[in-house]
Amino acid sequence: MSVTAYYRKDSKRWYISIHDPEWLAVFGKRRREPVPGAKGKKDAIRLGEERRALLLAEFQSRPKPSERQYLPDGRTIPLPEDTFGYFVENFYLPFAETNKAASTVKSERWRCRQLIDYFGSYRLMDISYALCLSFQAERKARDNQYGSKESNASVNRICEILQRIFGVAIDLGILNANPASKLASLRELPRNRILSLSEEQALAGTLEPSSRRMLRLSIVLALNAGLRKGEILRLTKADIDLERNLLHVRNGKTGNRHVPLNSVARLAILSTVRLAEMPETGLVFGGVDWIKDTFPVVCKEAGIEDLHFHDLRATYTTRMLENGFDAFTAMDATGHSNIKTTAIYARITSQRLRDAVESLSDKVSPIHRTIIQGNFGHNLVTDKEKGRDSDPVTLAS
């Protein structure tokens, strides 16, 4: 059998695998891809056979290697007949690595793999707006790796990369139009979560064991220096300047910056890390993302729900603003390039919101007086009218 089919529960779709000798002789490796619209295994195999025949026919019609032009680095100049997967792997990702931060490239590589799973075998010239719209709808309906529905924000991010891929193809003169440019962004609900002081106290209790000292330090740096998780993991000994009380963040999301160390962060570093025994280029936190596995564990032990590690950075910004510092100071402290981004991170605590609303009751307006008298038959008399200074408002029968 030249094509086999299997069902994936995570994406709730049928997939095909093409691996017969003729296929391997032409392409050199097995090919797996989803089969949109398949109603069962037999239907998936039938559609897979049709797909296999189409791909082999397209390969035979491609220009021979001698007819193609080559770049100085040995890559062939891309053509509209090239597949989406070939273009992404050989042109878009190298472009991203040259023009974007390392942390951004890492996330784009992961999302590009998802795009290649869907569009990989399609020729660039054959991808239409309808196909892009179908991808967006399927992405929205699928379950993510945690078993819940894909968020609108996640769908928007991967569709934005799809738009940029075609944008690069247009810049290179391969395409004349971007088939994904008209994809409407799905509505994103803003995240409104910070770490409260009571939750921080509970979290501190779970971080007392010495085996969790590095996790404790990472949380301290997020709460007191506003570092992103990737910036913490890439921190080296050379980036810690205890003489000037500064952290040097290299290759961050918005470039390089210096972050002041407060007394809490400085003490945490000195009591946790043996800097004298480390080489200058030594990674303080190892570079590997172990926080994503350990942070949810301590949150569960502390009884804290729906808290992401990145929410600690939002807590850092919010606390700074609540202490009376202006948004531009917070923008510089967090390394944001736009004041609007700082505003997104500024969460209003429930206590501050209650205080703001309660302040409106300090003075009673004429319309308040009318409403209260009409609804309850009481006469509203202020302290100033009575000549007293005890309470701002008195309800008298």
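The preceding data block contains the structure.
In what follows, the accompanying structure is described.

Rules and cut-offs
- Every chain is numbered on its own, with residues counted from 1 as its sequence reads.
- This being a predicted model, a pLDDT of at least 70 is required before a residue's local features are given, and a value of 80 or more before pairs of side-chain atoms are given or counted; all residues contribute to the totals for chains, interfaces and linings.
- The basis for every side-chain value is the complete set of non-hydrogen atoms in the structure, without hydrogens or water.
- Salt bridge, as used here, is a side-chain nitrogen of Lys or Arg placed within 4 Å of a carboxyl oxygen of Asp or Glu.
- Strands here are runs of E lasting at least two residues and helices are runs of H or I lasting at least four, both read from the DSSP assignment and numbered beginning at the N terminus.
- Using a 1.4 Å probe on the protein chains alone, a residue whose accessible area is under 20% of its type maximum counts as buried, one over 50% counts as exposed, and one in between counts as partly exposed.
- In this scheme, strands are said to pair when DSSP sees at least two bridges between them.
- Axes here refer to lines fitted to C-alpha atoms; in helices the fit is confined to the stretch in contact. Angles between the N-to-C directions go from 0 to 180 degrees.
- The directions from the helix axis to the C-beta atoms form the arc being described.
- Any pair of residues with heavy atoms lying within 4.5 Å of one another is described as a contacting pair.
- Angles are sorted into four bins: roughly parallel if under 35 degrees, roughly antiparallel if over 145, roughly perpendicular if 65 to 115, and oblique for all others.
- Left-handed describes a crossing whose near helix is turned anticlockwise from the far helix by less than a right angle; the clockwise case is right-handed.
- In this classification, the charged set is Asp, Glu, Lys and Arg, the nonpolar set is Ala, Val, Leu, Ile, Met, Phe, Trp, Tyr, Cys and Pro, and all remaining amino acids, among them Gly, are polar.

Taken as a whole and assessed by the stated rule, the structure comprises 23 salt bridges. With a shortest N-O distance of 3.1 Å, R51 and E33 are connected by a salt bridge. Linking R51 in helix α2 (residues 41-61) with E33 in strand β3 (residues 31-34), this pair joins segments that are 18 residues apart in sequence. Both residues of the pair, R51 and E33, belong to the buried class. Measuring nitrogen to oxygen at the nearest pair gives 2.7 Å for the salt bridge that ties D126 to R123. A relative accessible area of 35% places D126 in the partly exposed class.

Relative to the assigned elements, D241 resides in strand β4 (residues 240-241). Between the C-alpha atom of D241 and that of R266, which follows or precedes it by 25 residues, the distance is 9.8 Å.

Read from one edge of the open sheet, 3 strands run β1-β2-β3, paired in antiparallel fashion. A strand with exactly one partner marks an edge of an open sheet, and here the two such strands are β1 (3-8) and β3. Taken over all neighbouring pairs, the strand axes of this sheet differ in orientation by 25° on average, direction set aside. Note: β1 against strand β2 (residues 13-18), 6 bridges, orientation antiparallel.

Along helix α7 (residues 197-206), the positions that sit buried rather than exposed are E199, L203 and T206. Down the axis of α7, the sector holding all buried residues measures 50°, keeping them to one side. More than 90 degrees from the buried face of α7, the exposed residues found are L197, S198 and Q201. As for α7, its buried residues are in contact with α8 (213-225) and α11 (291-301).

Our focus in this paragraph is the packing of helix α12 (residues 310-322) against helix α13 (residues 327-334). As a packed pair, α12 and α13 sit with axes 9 Å apart at the nearest point and diverge in direction by 150°. Of the possible angle classes, the one that applies to α12 and α13 is roughly antiparallel. Here α12 runs over α13; the crossing is right-handed. Where α12 abuts α13, its residues R313, Y316, T317, M320 and L321 lie against A327, T329, A330, A333 and T334. Split by residue class, the contact of α12 with α13 holds 6 nonpolar, 3 polar and 1 charged.

Structurally, I269 can be placed in helix α10 (residues 263-272). Considering only alpha carbons, one finds I269 and M214, 55 residues apart in sequence, at a separation of 9.5 Å. If near-sequence neighbours (up to four positions away) are discounted, I269 is found in contact with L217, L221, I240, L247, L261 and L275.

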